[in-house]
Amino acid sequence: MKKFYTNQSQINKQLNEQLNEQQLEEGKPIKEEKLIKDEHTREIFEQVFDKATLNTVYEIARKKYFEEIEFVISTGKEGNVFRCKSGNGHYAMKIYKIETSNFKHMMEYIEGDRRFKSVRKDKQEIVKAWTKKEYKNLEELTKIKVKAPLPITFSRNCLLMEFIGENGNAAPRAKEKPFTDMNKAYETICEYLAKMINAKLIHSDLSEYNILNNNEELVIIDVGQMVTTEHPKAKEFYVRDIRNLSKWFSKNGVKTNYEKMYEHVKEKTKKPKKEKK
Ligand SMILES: Nc1ncnc2c1ncn2[C@@H]1O[C@H](COP(=O)(O)OP(=O)(O)OP(=O)(O)O)[C@@H](O)[C@H]1O
Ligand SMILES: [Mg+2]
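Here the structure is a predicted model, which is why all the values come from computation and not from measurement.

Conventions adopted
Residues numbered from 1 in each chain as written. Chains lettered and ligands numbered in written order. Predicted model: local features only at pLDDT ≥ 70, side-chain atom pairs only at ≥ 80, totals over all residues. Heavy atoms only, no water. Donors = N, O, S within 2.8 Å, 3.2 Å for Na, K, Ca; no water. Helix = DSSP H or I, 4+ residues; strand = E, 2+ residues; numbered from the N terminus. Near = heavy atom within 4 Å. Polar contact = N/O pair within 3.5 Å; in protein donor to acceptor, adjacent residues only side chain to side chain. Areas by Shrake-Rupley, 256 points an atom, 1.4 Å probe, with all protein chains shown as cover. Nonpolar A, V, L, I, M, F, W, Y, C, P; charged D, E, K, R; others polar. Domains from an automatic or database assignment. Contact = heavy atoms within 4.5 Å. Phe/Tyr/Trp six-rings, centres within 6.5 Å; stacked < 30°, edge-to-face > 60°. pLDDT = per-residue confidence, 0-100. Core = buried A, V, L, I, M, F, W, Y, C linked by side-chain atoms within 4.5 Å. Buried < 20%, exposed > 50% of the residue type's maximum accessible area, 1.4 Å probe, protein only. Salt bridge = Lys/Arg side-chain N within 4 Å of Asp/Glu carboxyl O. Pairing = 2+ DSSP bridges.

### A closer look at the coordination of the magnesium ion (ligand 2)
Turning to step 1, where the next piece is worked out: Coordination of the magnesium ion (ligand 2) by the protein comes from Asn-210 (OD1) and Asp-222 (OD), over a distance range of 2.2 Å. Taken together, the residues span a long stretch of sequence, with Asn-210 in the loop between β8 (201-202) and β9 (211-214) and Asp-222 in the loop between β10 (217-220) and β11 (227-228) at a distance of 12 residues.

This is the structure in structure tokens:
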């Protein structure tokens, strides 16, 4: 059973434990050729990212969070996810592309979020805000015990987080590997949605593409666009999430549809009444 972290001090404690375990040599700067040893990975990195991104990655590595970018797990339009080596374990690093990110799309989710009121509308600032937003959102989920990657650190367009997978293999998406017990997974996601609603959070891109099946444990990822319920389009985003999820669960044998799922989550948002003495 994996541990959940309920507050920032617990996250920090866990982080310190991990850092101590790593025993990276203090004071020794990591050489450029050592940071990305694999030729192919270095090529991808250099093709996709600018010098400032490489410097940001160095900055994080110098702080002893990790020692090597090993290989790319996923390449997307807006960014790539890499596996990083850290002591005996791994982290995942998501790096957003500054040039090709969809700013209009990003602004739609940033503008209505009071946590990011004063963001300037230039490419770099938007991507930086987006990276920070994803980090903060991972923190929020960790606090309310919704299983998502534990956030480790972020800087500029780079986000370092817990690697989700086993024996170094990244967990498949639920789309590729549906759960063995789909009814159980359905209950879990409904519970997570209820916890998120109670914490005023809407994922806004929740589907089988952003759920990992980590050896039957359901893990929610890709939370950059998660907004608070005060966002003007929060309801629309929530309806879309439930629509996508209910369709997929129904296709995979769960007796549900949009209305049923909506009601089921609503039921779960009701806090249990205190018993009268
Ligand atoms: N913490 C993690 N541990 C392991 N794998 C991860 C992690 N985060 C992301 N991935 C992998 O990287 C992929 C892309 O991540 P994510 O969904 O966060 O980005 P995205 O912006 O949607 O990218 P894309 O445009 O490729 O869909 C995921 O589908 C998953 O396979
Ligand atoms: Mg995704």
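### Digging into the site of ligand 1
Turning to step 1, where the next piece is worked out: With respect to spatial proximity, 14 residues lie near ligand 1, and among them Lys-94, Glu-162, Ile-164, Asn-210 and Asp-222 are the closest.
Turning to step 2, where the next piece is worked out: At a separation of 2.9 Å, a nitrogen atom of ligand 1 approaches a polar backbone atom of Glu-162.
Turning to step 3, where the next piece is worked out: Contact distances for ligand 1 include 3.1 Å between an oxygen atom and a side-chain N or O atom of Asn-210.
Turning to step 4, where the next piece is worked out: Its free accessible area being 610 Å², ligand 1 has 82% of it covered by the protein chains.
Turning to step 5, where the next piece is worked out: Contributing elements (two or more residues each) for the shell around ligand 1: β3 (89-96) and β5 (158-162).
Turning to step 6, where the next piece is worked out: Each residue belonging to the shell around ligand 1 can be placed in one class, and the counts come to seven nonpolar, three polar and four charged.
Turning to step 7, where the next piece is worked out: Domain assignment of the residues forming the shell around ligand 1 places at least three in each of domain 1 (8-162) and domain 2 (182-269).

### What about the environment of Ile-126?
Turning to step 1, where the next piece is worked out: Among the structural elements, Ile-126 can be located in helix α6 (residues 123-143).
Turning to step 2, where the next piece is worked out: Each C-alpha atom of the pair Ile-126 and Ile-98 lies 8.9 Å from the other, and the pair is 28 residues apart in sequence.
Turning to step 3, where the next piece is worked out: Ile-126 has contacts with Phe-103, Met-106, Met-107, Ile-110, Val-119, Arg-120 and Lys-121, leaving out every residue within four places of it along the chain.

### Some details on the packing of aromatic side chains
The geometry of two aromatic rings is summed up by the distance between their centres and the angle between their planes.
Turning to step 1, where the next piece is worked out: Counted by the stated rule, this structure contains 10 aromatic pairs.
Turning to step 2, where the next piece is worked out: Pairing Tyr-258 with Tyr-262 gives two aromatic rings, centres 5.9 Å apart and planes at 40 degrees, and the pair type is tilted. Placement of both Tyr-258 and Tyr-262 in helix α9 (residues 258-269) is noted, with a separation of four residues, approximately one turn of the helix.
Turning to step 3, where the next piece is worked out: Pairwise contacts between aromatic rings join Phe-45, Phe-49 and Phe-82 into one cluster.

### Points about the confidence of the model for the chain
Turning to step 1, where the next piece is worked out: Per-chain confidence: the chain averages 87 in pLDDT, with 86% of residues scoring 70 or above.
Turning to step 2, where the next piece is worked out: Ignoring residues within four places in sequence, the model shows residues 1-6, a span with pLDDT below 50, making 18 contacts including any to other chains.
Turning to step 3, where the next piece is worked out: Taken together, the stretch residues 19-27 has pLDDT below 50 and engages in 14 contacts with residues farther than four places along the chain or on a different chain.

### A look at the nonpolar core
Turning to step 1, where the next piece is worked out: With 55 residues, the main nonpolar core has Leu-141, Ile-189, Leu-193, Ile-220, Phe-249 and Met-261 as its most contacted residues.
Turning to step 2, where the next piece is worked out: By residue number, the principal contributor to this core is helix α7 (residues 182-198), which donates nine residues.
Turning to step 3, where the next piece is worked out: Each of domain 1 (8-162) and domain 2 (182-269) accounts for three or more of the residues forming this core.

### Considering the side chain of Glu-134
Turning to step 1, where the next piece is worked out: Counting through the fold element by element, Glu-134 comes out in helix α6.
Turning to step 2, where the next piece is worked out: The residues contacting Glu-134, other than those within four sequence positions of it, are Lys-94, Tyr-96, Leu-159, Asp-222, Val-223 and Gly-224.

### A word on the pattern of salt bridges
Turning to step 1, where the next piece is worked out: Enumeration over the complete set of coordinates arrives at 18 salt bridges.
Turning to step 2, where the next piece is worked out: Residue Asp-113 pairs with Arg-115 through a salt bridge whose shortest N-O separation is 2.8 Å.
Turning to step 3, where the next piece is worked out: Each member of the salt-bridge network shares a partner with another, and the members are Lys-94, Glu-134 and Asp-222.

### Considerations on the environment of Val-223
Turning to step 1, where the next piece is worked out: Considering the arrangement of structural elements, one finds Val-223 in the loop between β10 and β11.
Turning to step 2, where the next piece is worked out: Here Val-223 falls in the buried class, since its relative accessible area comes to 0%.
Turning to step 3, where the next piece is worked out: Taking the C-alpha atoms as reference points, Val-223 and Ser-204, separated by 19 residues in sequence, lie 8.2 Å from one another.
Turning to step 4, where the next piece is worked out: Residues within four places of Val-223 in sequence aside, it is in contact with Glu-134, Asn-137, Leu-138, Leu-141 and His-203.

### Observations concerning the pairing of β9
Turning to step 1, where the next piece is worked out: Across the two faces of β9 the burial is the same, with Ile-211 and Asn-213 and Leu-212 and Asn-214 all buried.
Turning to step 2, where the next piece is worked out: Where β9 lies against β10, four bridges are found, and the strand directions are antiparallel. If you follow Asn-213 over to β10, its bridge partner there is Leu-218.
Turning to step 3, where the next piece is worked out: Following β9, the chain reverses through two residues before pairing antiparallel with β10; Asn-215 in that reversal takes a positive phi of roughly 50 degrees.

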